[in-house]
Amino acid sequence: HKNGQTKETGNNLYLPIFPFREDLLRAITQHQILVIEGETGSGKTTQIPQYLMEDVRLHSRRNEIGCTQPRRVAAMSVAARVAEETGVKLGNEVGYSIRFEDCTSERTVLKYMTDGMLLREFLTEPDLASYSVVIIDEAHERTLHTDILFGLIKDIARFRSDLKVLVASATLDTERFSCFFDDAPVFRIPGRRFPVDIFYTKAPEADYLEACVVSVLQIHVTQAPGDCLVFLTGQEEIEACCEMLQERCRRLGSKIAELVVLPIYANLPSDMQAKIFSPTPPGARKVVVATNIAETSLTIDGIIYVIDPGFCKQKSYNARTGMDVFALSLPQASANQRAGRAGRVAAGKCFRLYTAWAFKHEMEETTIPEIQRTNLGNVVLLLKSLGINDLIHFDFMDPPPHETLVLALEQLYALGALNHLGELTKMGRRMAELPVDPMLSKMILASEQYKCSEEVLTIAAMLSVNNSIFYRPKDKVVHADNARMNFTVPGGDHLVLLNVYNQWVESGFSTQWCYENFIQFRSMRRARDVRDQLEGLMERIEVEVVSSLEDSVPIRKAITAGYFYHTARLSKGGYKTVKHQQTVYVHPNSSLFEEQPRWLIYHELVFTTKEFMRQVPMFVCDRDRQRLVAGSGSSLLQEQRAGGQQQQEDAPQTGQDQGRAGIEAQGGHGQ
Ligand code: CDP
Ligand code: MG
């Protein structure tokens, strides 16, 4: 088979799927819906779509093959790989589509995309007429969007008999998929796995990051050749770990062999992402430090050692408090997938940085599907726009909790997206056109009324890259903090973000300017892309792009119109959220940390040790005494297990004296 001999995999690697090509194609011809089960790395994602492309029975050039991925990085990297294998330029016959980035053309036959993108395509094409095959890949991840796709695709398959549906999954849950799709047959690709020895720590680790670094170095010095894969929870941790590893290797100098340290996480630029797949130089050892993207979505060849601290960041929504919390946990099923990564090419070893007892007694068996632990506002708005009014009877594989559904409806009603009968309003229809959360789209639409769409678009774009705007290298903390302080303007963090962007525009989008001001150029470039995309959509929803000029009051009003659910009021030392009476705190990074306005609006809540509204910065007020507004926050991590949690590195930032706008708000905002 020609695909068995690609440059990078070398010729010794024979993917488990190759011998089944004909059987598989026959099964697909015979059945409309097929569930495909195979170990990670067997070739499901990269090979099956190629088989389909080459098969005239299954695929006419007029229609596309769509393959969904739960993660952006996976969609991009897999598309790049397949373009390379098939010898085409990425974006031509093989492309990808992720939010705010469309890398496809008229010639595209095979499109990798995030599950969220395919979901949005239902808005423009409710029967997915341009597809001949839809592959819902990584189905076992059970993301919210994948779950909704299950229901919608099962429905359209009934009247589109020409549509082929493939549900691909790692070896988990396949019986349930089959059962949901009216007993669709399951095609099993037999796996080849080498044994993996699992080691536990005797006692819990106090600092798992440090423990990871030490383990990698120990493996490097004492163990036979073979690459190493470390699982951490997010960008900050991964970067810290990579830095620590590099620093310690530098100190050991020529006493040890070369260690090639490579990070992989969602926001990593694609040229850097590609590096994890390049072959390890002779004599060296590669260590890939990854989020759980490397659990099943991406397969890196040559891994023999896996280090698993036993955490992943999982969002969970509390319908009672209306808060999204990122919890650290790891189900046993994921821990086992991680261990499996060590046994793909030879017998391997997995080092679990937790005790055998913790594995047995503290970890859940499997992941709770996202639909049961997330805010549904977005999806409810989308389903309503598709004309699906009766959400209670929607064909969910696992239905969401009733109260989350009700809360989503309530919130959409408050935002004016639904009327009192639960029907979509004109506002709701326009909101659904924007590929962002309902509160953010409401903010953007409200900017029309307040004549500040120019500024609000910028703020929306900056919020979407959040977190990664300011650069704070450890050795230049003071400079970085000073630079950041120079951007402070009265009125909170949203306005600070606006200020940063505007100054960057004035610099002519300069890289040098970013460098001098400790701003991450890549994040800014991404913000500009997002902004361009959003601006392009403004025409569609008929919002004129105008500037409020120097006046920040209209901007604050627009923000409030979207985020009034996120109002908090100063109370004994902290803040209390208006809607749920939760005690929260302004993050030390916020421009409002010192100021402590009586009222503020946050963007997101982030949990660390304290319930911070991180980056919550902005607040404001309305001179007409009607209502006021402020701040932005960001996502957060709640510490679940004792110890082991990395501290926020951000030190408190001293605020500047700024004239306090007298905030006079009236009590909690009704709807
Ligand atoms: O989807 P599944 O987990 O079954 O496998 P796959 O993603 O199709 O991977 C098949 C093979 O392609 C593995 O050996 C990967 O290491 C390789 N691959 C690669 O080298 N570079 C990529 N960007 C993607 C896959
Ligand atoms: Mg795959």
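Residues numbered from 1 in each chain as written. Chains lettered and ligands numbered in written order. Predicted model: local features only at pLDDT ≥ 70, side-chain atom pairs only at ≥ 80, totals over all residues.

1. A closer look at the overall build of the protein
Using the following cut-off: Strands here mean DSSP runs of E at least two residues long; helices mean DSSP runs of H or I at least four residues long; both are numbered from the N terminus. Placing C-beta atoms from the backbone, we regard two residues as in contact once those atoms come within 7 Å.
Within the protein, the regular secondary structure consists of 22 helices and 25 strands. Sequence separation of 24 or more characterises 74% of the internal contacts of the protein that already satisfy a separation of 6 or more.

2. Thoughts on the site of ligand 1
Rule in force here: We call a residue near a molecule or strand if the C-beta atom, set from the backbone, is within 6 Å of it. Polar here means any residue outside two lists: the nonpolar Ala, Val, Leu, Ile, Met, Phe, Trp, Tyr, Cys and Pro, and the charged Asp, Glu, Lys and Arg; Gly therefore counts as polar.
Of all residues adjacent to ligand 1, which total 18 residues, the nearest are K44, T45, T46, R81 and T299. Mapped by element, the contributors of at least two residues to the shell around ligand 1 are α2 (44–54) and α3 (72–86). Looking at the shell around ligand 1, the element that brings in the most residues is α2, giving four residues. Here the shell around ligand 1 is built from residues that sort into three nonpolar, eleven polar and four charged.

3. Notes on the environment of G428
For clarity, the cut-off: Here a residue counts as buried when 20 or more other C-beta atoms sit within 10 Å of its C-beta, as exposed when there are 12 or fewer, and as partly exposed otherwise, the C-beta atoms being derived from the backbone.
Turning to its location among the elements, G428 is positioned in helix α15 (residues 426–433). For G428, a count of 22 C-beta atoms within 10 Å translates into the label buried. The sequence separation of G428 and V406 amounts to 22 residues, and the corresponding C-alpha distance is 17 Å. Apart from the residues within four sequence positions on either side, G428 is in contact with L381, K384, L412, A417 and L418.

4. Overview of the pairing of strand β7 (residues 164–169)
The following threshold applies: At least two bridges found by DSSP between two strands is the condition for calling them paired.
Taken across its six residues, β7 has six buried, putting it largely inside the fold. With burial as the criterion, each face of β7 is covered, one bearing K164, L166 and A168 and the other bearing V165, V167 and S169. Pairing of strand β1 (residues 33–38) with β7, which is carried by five bridges, proceeds in the parallel orientation. Residue pairing across strands places I36 opposite A168, the latter belonging to β7.

5. Looking at the pairing of strand β11 (residues 259–264)
Defined as follows: Looking down the strands as they point away from the viewer, one classifies a crossover as right-handed if the path from the first strand across the helix to the second runs clockwise.
As paired strands, β11 and strand β12 (residues 285–290) are joined by six bridges and run parallel to one another. By the bridge assignment for β12, L259 is matched with R285. The handedness of the β11 to β12 crossover, carried by helix α9 (residues 270–275), is right-handed.

6. Details of unusual backbone geometry
Unusually for a residue other than glycine, F100 sits at a positive phi of about 65°. As for its placement among the helices and strands, F100 is situated in the loop between β3 (94–98) and β4 (101–103). Its 16 C-beta neighbours within 10 Å are what place F100 among the partly exposed residues. Phi is positive for E542, which is not a glycine, with a value near 55°. Counting through the fold element by element, E542 comes out in the loop between α21 (521–540) and α22 (553–563).

7. Here we look at the confidence of the model for the protein
To keep things clear, this is the line we draw: Each residue gets a pLDDT score, which is the predictor's confidence in that residue and runs from 0 to 100.
The pLDDT averaged across the protein works out to 85; a share of 86% of its residues lies at or above 70. Taken as a whole, residues 614–671 scores under 50 in pLDDT and shows 185 contacts with residues more than four places along the chain or in a different chain.

8. Digging into the environment of E243
As for its placement among the helices and strands, E243 is situated in helix α8 (residues 235–252). Residue classification places E243 among the partly exposed residues on the basis of 15 C-beta atoms within 10 Å.

9. Observations concerning the sheet that holds strand β2 (residues 64–69)
Threshold: The axes used here are C-alpha line fits, helices contributing only the stretch in contact, and every angle between their N-to-C directions lies in the interval 0 to 180 degrees.
Taken together, the eight strands give an open sheet; going across it, the order is β4-β3-β5-β2-β6-β7-β1-β8, and neighbouring strands pair in mixed fashion. Edge positions in the sheet fall to β4 and β8 (186–189), since each of these pairs with one other strand and no more. Pairs of neighbouring strands in the sheet enclose a mean axial angle of 20°, with direction left out of account. Each of β2, β3 and β5 (110–114) is contacted by helix α4 (residues 115–124), which is oriented at about 105° to β5, the strand it contacts most. Packed on one face of the sheet, helix α5 (residues 144–159) meets β1, β2, β6 (131–136) and β7 and runs near 145° to β6.

10. Notes on the packing of α4 against α5
Where we set the bar: Geometric relationships in this document are graded by angle, where less than 35 degrees denotes roughly parallel, more than 145 denotes roughly antiparallel, 65 to 115 denotes roughly perpendicular, and other angles denote oblique. Rotating anticlockwise by less than a right angle from the far helix to the near helix defines a left-handed crossing, while the corresponding clockwise rotation defines a right-handed one.
Remark: α4 packs on α5, axes separated minimally by 8 Å, with the N-to-C direction vectors making an angle of 40°. When the axis of α4 is compared with that of α5, the two are oblique. Crossing of α4 against α5: the hand is left-handed. Each of D115, G116, L118, L119 and F122 in α4 lies in contact with α5, whose residues at this interface are H145, T146, I148, L149 and L152.

11. Let's talk about the sheet that holds β11
If you trace the six strands from one edge of the open sheet to the other, you get β9-β16-β13-β10-β12-β11, paired in parallel fashion. Looking at strand neighbours, the two that pair on one side only are β9 (196–200) and β11, the edges of this open sheet. Strand-to-strand, the axes of this sheet are offset by a mean angle of 20°, without reference to chain direction. For strand β10 (residues 227–231) and strand β13 (residues 303–308), the ladder comprises four bridges, and the chain directions are parallel. When the sheet's bridge partners are listed, V230 is paired in β13 with I307.

12. Here we look at the nonpolar core
It is characteristic of soluble globular proteins that their nonpolar side chains tend to be buried jointly. We apply this condition: Connectivity within a nonpolar core runs through C-beta atoms within 7 Å, and the core itself is a set of buried Ala, Val, Leu, Ile, Met, Phe, Trp, Tyr and Cys residues.
In this structure, A79, L166, V167, V230, M443 and A460 are the most contacted members of the largest nonpolar core, which totals 168 residues. With nine residues, the top contributor of residues to this core is α3. In this structure A460 touches V436, L440, M443, I444 and L534, once residues within four positions along its chain are discounted.

13. Regarding the packing of helix α16 (residues 438–449) against helix α17 (residues 453–465)
Between α16 and α17, whose axes approach to 8 Å, the crossing angle comes to 165°. Relative to α17, the element α16 lies roughly antiparallel. Taken as a pair, α16 and α17 cross one another with a handedness that is left-handed. Here L440, M443, I444, S447 and E448 of α16 lie close against α17, whose contacting residues are S453, V456, L457 and A460. Of the residues in the contact of α16 with α17, the class split is six nonpolar, two polar and one charged.

14. A word on α15
Taken together, the buried positions of α15 are occupied by G428, R430, M431 and A432. Its buried side turned inward, α15 meets α4, α13 (377–385), α14 (402–414) and α16.

15. Observations concerning the environment of E258
In this structure, E258 sits in the loop between α8 and β11. Accessibility expressed as a C-beta count within 10 Å gives 14 for E258, which makes it partly exposed. In the structure, E258 is positioned 25 residues away from G283 in sequence and 7.2 Å away in space, judged by C-alpha atoms. Setting aside its immediate chain neighbours within four residues, E258 contacts P281, G283 and A284.

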